[in-house]
There are 2 protein chains.
Amino acid sequence: MASRAGAVTLADVARAAGVSKMTVSRALSPDRSAALQPDTLARVRAAAGSLGYRPNLAARSLTARRSGIVAIVVPDLGNAVFAEIIAGIQAGLKDTGRETIVARTGFDPAAECDTVRHLSGWNPDAFVLAGPSRTDAVRALVRDLGIPTVEVMDLPPDPIDMAVGFPHAEAGALAAEHLHARGYRRPATLSCNAADTRAARRIEGFRARATGLGLAPPVDLFDPAEPSFGLGRALCARLRARAPAVDCVFAANDLLAVGAVLHCQDAGVAVPGALAVCGFNDLPIAAEIGGGLTTVHSPRRAIGRETAALLLDLAGGAARPVAPVRHIPCHVVPRGTT
Amino acid sequence: MASRAGAVTLADVARAAGVSKMTVSRALSPDRSAALQPDTLARVRAAAGSLGYRPNLAARSLTARRSGIVAIVVPDLGNAVFAEIIAGIQAGLKDTGRETIVARTGFDPAAECDTVRHLSGWNPDAFVLAGPSRTDAVRALVRDLGIPTVEVMDLPPDPIDMAVGFPHAEAGALAAEHLHARGYRRPATLSCNAADTRAARRIEGFRARATGLGLAPPVDLFDPAEPSFGLGRALCARLRARAPAVDCVFAANDLLAVGAVLHCQDAGVAVPGALAVCGFNDLPIAAEIGGGLTTVHSPRRAIGRETAALLLDLAGGAARPVAPVRHIPCHVVPRGTT
DNA sequence: CTGAAAGCGCTTACAG
DNA sequence: CTGAAAGCGCTTACAG
């Protein structure tokens, strides 16, 4: 039994194969095994296989000074957006000898800093930070650590190191252009969750482009609660009471947007006839509701894959990849609500 | 700059504080610092703080023979069920010096084995396996590794080691009891995804209890596709065409159940008047649809927290905790669709 | 209460 | 193409 106490080590394999530990080390390293004589290689691999050798990764990490770990820090796992980014990264890193370690902060910027500090003890090859805001403390810490860091989902005005995503103002601007092109002229916005600074920038981007295109200044409704269908219903009800002339709505996320559509269905308000609705993210739910929700697609998978590619470029040699800031644009998915 | 090359080590702190490495090691270990003189402790901590010392976790893991890592293997992160189990575990492990490492298998049982084998190289304190099925290879591997392992979400007939969850047949039985108590007598079941063996057991449990209570034998509709609202709509349409006398439906998951309700709304079928619908999981969507979906709540958070508690019990000393198999029951949440 | 020695299991950097 | 030596940064087990 290869249990923890008496685990099979490099020395055991060396003994069994009649070679030195170094030869075993080389035989089991994809990069260095080419230098070995074919029959030596075969003998070592056979011995390793029959003994059930599994390298001690802590020991490897200690000497090689790189762990092969990519540390991903997200606010929340239940959120499909972050889950898909992680899935994209893991898919892109598959079979490259890199493992991911995922930590969640619960949207607490201070927790992000503690988490990065702690994870740094594993000497990750890279950090991926997915949360919406970054404290100065994290920025200083990450710089000080000297570990490559990718900020994802967003393109911050002042990236710490690398970034893969899109400026959230752009997502709002695309929604404004779409609604304008469809002929709507009196817009409103729905948003929530004060901690979500990206949502705020989407709304700002919408407002800027909407007024630039000559639409009426948007009526903004905001609620500090977390997003949900129920909140979308409530905000839409409030909107109709306050500003009945509004003919279209940009909701900062799909949950609010679907809630708004549900409210309209219940209240007998024709969508998009009396009120058009555009969301953000393009979660699966957007395609599932009757007629489909028009929404701005955020390319989570592509961001994850591109992040993996960036990390592999890094490992490939260049001190910094050719393009350390990669813009993955979002786009409008027109469906039945606009 | 405390970058990777010249990171601050225990020896650096020892020099700065004028003590030996051992004293620093003790001062920084919560368990062993009690044995130090208070002023020594303070001096060491001050030195560690001002130098920005961060322990090298690979080195610690190598000597202490435990990493403090809990390795969680899930089929999919986008699935709210697994995300919540992970969140529950992470919440329960917070401030206990344990980190989680999360890997996904994409519902591929062979990938589960490869993943466990690879993660074992980090000498995790424990494995948490969340997927629905386990190959004999993983079972053998995990036993051979001698690392404590918790299977979660389910209570398998033959647990490898520890387990936290509920038998899925029980969830189906609860649904049958609920529908029976409400007076429904001619049931059907909707299910999908051949790889989801747990769903199959929920359906079996439903059938057994339904017939035991004297209901008509359920009409079973199955589709091999992944669950979605759209599939729920389609299955419900098929059901009504094939078995118009059916008066209630147990759907193996909330996505199918919501889809079934949406189909009924579109088709002008009164819910629950003409057809009652009960789902499984109690995802947020269940409370959000108009009137609310009646569903069997799966206690994901509680399972996560209980798993964390089990792991802490383990660390507390006992070779195996008092109750290595913990039953966290599910329950019906009655809402508007039954 | 504190410390000197040994060693965890690997890989790096030299040799030959 | 292969190997002997040294050392990564910690903690365990002994001493005192």
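None of the values given here were measured: they were computed from a predicted structure.

Brief notes about the sheet that holds strand β11 (residues 325-327) of chain B
All names here are of chain B.
Right, on to step 1. One open sheet accounts for six strands, arranged β2-β1-β3-β4-β5-β11; its pairing is parallel. Both outer strands of the open sheet, β2 (99-104) and β11, are each paired with one neighbouring strand and no more. Each strand of the sheet is rotated relative to its neighbour by a mean of 15 degrees, with strand direction disregarded.
Right, on to step 2. Alignment of strand β3 (residues 126-129) against strand β4 (residues 149-154), held across three bridges, turns out to be parallel. In the strand pairing of β4, F127 is matched with T149.
Right, on to step 3. Contacts from helix α6 (residues 109-119) reach β1 (69-74), β2 and β3 within the one sheet, and its direction differs from that of β1 by about 170 degrees.

Notes on the sheet that holds strand β5 (residues 162-166) of chain A
Strands pair in a sheet through their backbones, by hydrogen bonds, and they do so in one of two ways: parallel or antiparallel.
Residues and elements named next belong to chain A.
Right, on to step 1. The six strands are arranged β2-β1-β3-β4-β5-β11 in an open sheet whose pairing can be described as parallel. Edge positions in the open sheet fall to β2 (99-104) and β11 (325-327), since each of these has one partner strand only. The mean inter-strand angle of the sheet, taken between neighbouring strand axes irrespective of direction, is 15 degrees.
Right, on to step 2. Bridge count between β5 and β11: three bridges; the pairing is parallel. Across the sheet, residue V164 finds its bridge partner in β11, namely R326.
Right, on to step 3. Each of β1 (69-74), β2 and β3 (126-129) touches helix α6 (residues 109-119); the most contacted strand, β1, lies at about 170 degrees to it.
Right, on to step 4. Sitting on the sheet, helix α8 (residues 168-181) is in contact with β4 (149-154), β5 and β11, with an inclination near 15 degrees to β5.

Overview of the protein's contact with DNA strand C
Right, on to step 1. Near DNA strand C lie 26 residues; those nearest to it are S25 of chain A together with T23, R26, T40 and R65 of chain B.
Right, on to step 2. Restricting the count to atoms of DNA strand C within 4 Å of the protein gives a sugar and phosphate share of 67%.
Right, on to step 3. Note that a phosphate oxygen of DNA strand C is positioned 2.8 Å from one of the side-chain N or O atoms of Y53 of chain A.
Right, on to step 4. The side chain of T23 of chain B places a nitrogen or oxygen atom 2.4 Å from a phosphate oxygen of DNA strand C.
Right, on to step 5. When contributions to the surface near DNA strand C are tallied by element, the ones reaching two or more residues are α2 (21-27) and α4 (57-64) of chain A together with α2 (21-27) and α4 (57-64) of chain B.
Right, on to step 6. At five residues, the largest contribution of residues to the surface near DNA strand C is made by α4 of chain A.

Looking at the domain arrangement of chain A
Right, on to step 1. Domain parsing of chain A yields domain 1 (10-55), domain 2 (67-166 + 301-328) and domain 3 (168-297).
Right, on to step 2. Distance from the C-alpha centre of domain 1 of chain A to the C-alpha centre of domain 2 of chain A: 34 Å.

Focus: α4 of chain B
Residues separated by three or four positions in an α-helix point in the same direction, a consequence of the helix having 3.6 residues per turn.
Right, on to step 1. Within α4 of chain B the residues assigned to the buried category are L57, A58 and S61 of chain B. All buried residues of α4 of chain B fall inside an arc of 105 degrees around its axis, so they share one side.
Right, on to step 2. Close packing links the buried residues of α4 of chain B with α4 and α6 of chain A.
Right, on to step 3. N-capping of α4 of chain B is provided by N56 of chain B, with a side-chain oxygen placed 2.9 Å from the backbone N of A58 of chain B.
Right, on to step 4. Residue R65 of chain B follows α4 of chain B closely and has a positive phi angle near 60 degrees.

With respect to the side chain of D282 of chain B
Residue and element names in this part refer to chain B.
Right, on to step 1. Here D282 lies in the loop between β9 (276-281) and α12 (284-288).
Right, on to step 2. A polar atom in the side chain of D282 sits 3.0 Å from the side chain of R335.
Right, on to step 3. Filtering out sequence-adjacent residues up to four positions away, D282 remains in contact with D254, T295, V296, H297, R300, V333 and R335.

Structural notes on the interface of chain B and chain A
Right, on to step 1. If you look at the interface, chain B gives 51 residues, while chain A gives 51 residues.
Right, on to step 2. Here chain B packs against chain A, burying approximately 4,500 Å² in sum over the two surfaces, 56% of which is carbon and sulfur.
Right, on to step 3. In this assembly, chain B and chain A are joined by zero salt bridges.
Right, on to step 4. Viewed at the interface, chain A and chain B are joined by twelve residue pairs in polar contact (both at pLDDT 80 or more).
Right, on to step 5. Counting only elements with at least two residues in the side of chain B that touches chain A, the list comes to α4, α5 (80-93), β2, α6, α7 (136-145), α10 (229-242) and α12 of chain B.

Things to note about the packing of helix α1 (residues 10-17) of chain B against helix α3 (residues 38-51) of chain B
Residues and elements named next belong to chain B.
Right, on to step 1. Closest axis-to-axis distance for the α1/α3 pair is 9 Å, and the angle between their directions is 125 degrees. Classified by the interaxial angle, the pair formed by α1 and α3 is oblique. The two elements α1 and α3 meet at a crossing, and its hand is right-handed. The segment α1 lies against α3, with D12, V13, A16 and A17 engaging R43, V44, A47, A48 and L51.
Right, on to step 2. In terms of residue class, the contact of α1 with α3 is made up of seven nonpolar, no polar and two charged.

Quick look at the protein's contact with DNA strand D
Right, on to step 1. Around DNA strand D sit 26 residues, and of these T23, R26, T40 and R65 of chain A together with S25 of chain B come closest.
Right, on to step 2. The sugar-phosphate portion of DNA strand D accounts for 67% of its atoms within 4 Å of the protein, the bases making up the rest.
Right, on to step 3. Between DNA strand D and R26 of chain A, the relevant distance is 2.5 Å, taken from a base oxygen to a side-chain nitrogen or oxygen of the residue.
Right, on to step 4. For DNA strand D, a base nitrogen lies 3.0 Å from a polar atom in the side chain of K21 of chain B.
Right, on to step 5. Top contributing element to the surface near DNA strand D by residue count: α4 of chain B, with five residues.
Right, on to step 6. Class assignment for the residues of the surface near DNA strand D results in twelve nonpolar, nine polar and five charged.

Some words on the pairing of β5 of chain A
All names here are of chain A.
Right, on to step 1. Burial analysis of β5 places five of its five residues in the buried class, which makes it a mostly covered element.
Right, on to step 2. Residue alternation in β5 divides its side chains into two sets, M162, V164 and F166 and A163 and G165, and both sets are buried.
Right, on to step 3. As paired elements, β4 and β5 share five bridges and run parallel to each other. Its bridge partner lying in β5, E151 is registered against A163.

Observations regarding helix α11 (residues 254-267) of chain A
All names here are of chain A.
Right, on to step 1. The end-to-end C-alpha separation of α11 is 20 Å, in line with the 20 Å expected for 14 residues at 1.5 Å each.
Right, on to step 2. In terms of burial, α11 is largely enclosed, as ten of its 14 residues are buried.
Right, on to step 3. Those residues of α11 lying buried are D254, L256, A257, V258, G259, A260, V261, L262, H263 and C264.
Right, on to step 4. Of the surrounding elements, those touching the buried residues of α11 are β6 (187-192), α10 (229-242), β8 (248-251), β9 (276-281), α12 (284-288) and β10 (294-297).
Right, on to step 5. For α11, the N-terminal capping position is held by N253, with its side-chain oxygen 3.1 Å away from the main-chain nitrogen of L255.
Right, on to step 6. Of the residues trailing α11, G268 is marked for its positive phi of about 70 degrees.

Calculation rules
Residues numbered from 1 in each chain as written. Chains lettered and ligands numbered in written order. Predicted model: local features only at pLDDT ≥ 70, side-chain atom pairs only at ≥ 80, totals over all residues. Heavy atoms only, no water. Pairing = 2+ DSSP bridges. Helix = DSSP H or I, 4+ residues; strand = E, 2+ residues; numbered from the N terminus. Axes fitted to C-alpha atoms, helices over the stretch in contact; angles between N-to-C directions. Contact = heavy atoms within 4.5 Å. Near = heavy atom within 4 Å. Polar contact = N/O pair within 3.5 Å; in protein donor to acceptor, adjacent residues only side chain to side chain. Domains from an automatic or database assignment. Buried < 20%, exposed > 50% of the residue type's maximum accessible area, 1.4 Å probe, protein only. Arc of directions from axis to C-beta. Buried area = accessible area lost by both parts, 1.4 Å probe. Salt bridge = Lys/Arg side-chain N within 4 Å of Asp/Glu carboxyl O. Parallel < 35°, antiparallel > 145°, perpendicular 65-115°, else oblique. Left-handed = near helix turned anticlockwise from the far one by under 90°. Nonpolar A, V, L, I, M, F, W, Y, C, P; charged D, E, K, R; others polar. Expected span 1.5 Å × (residues − 1).

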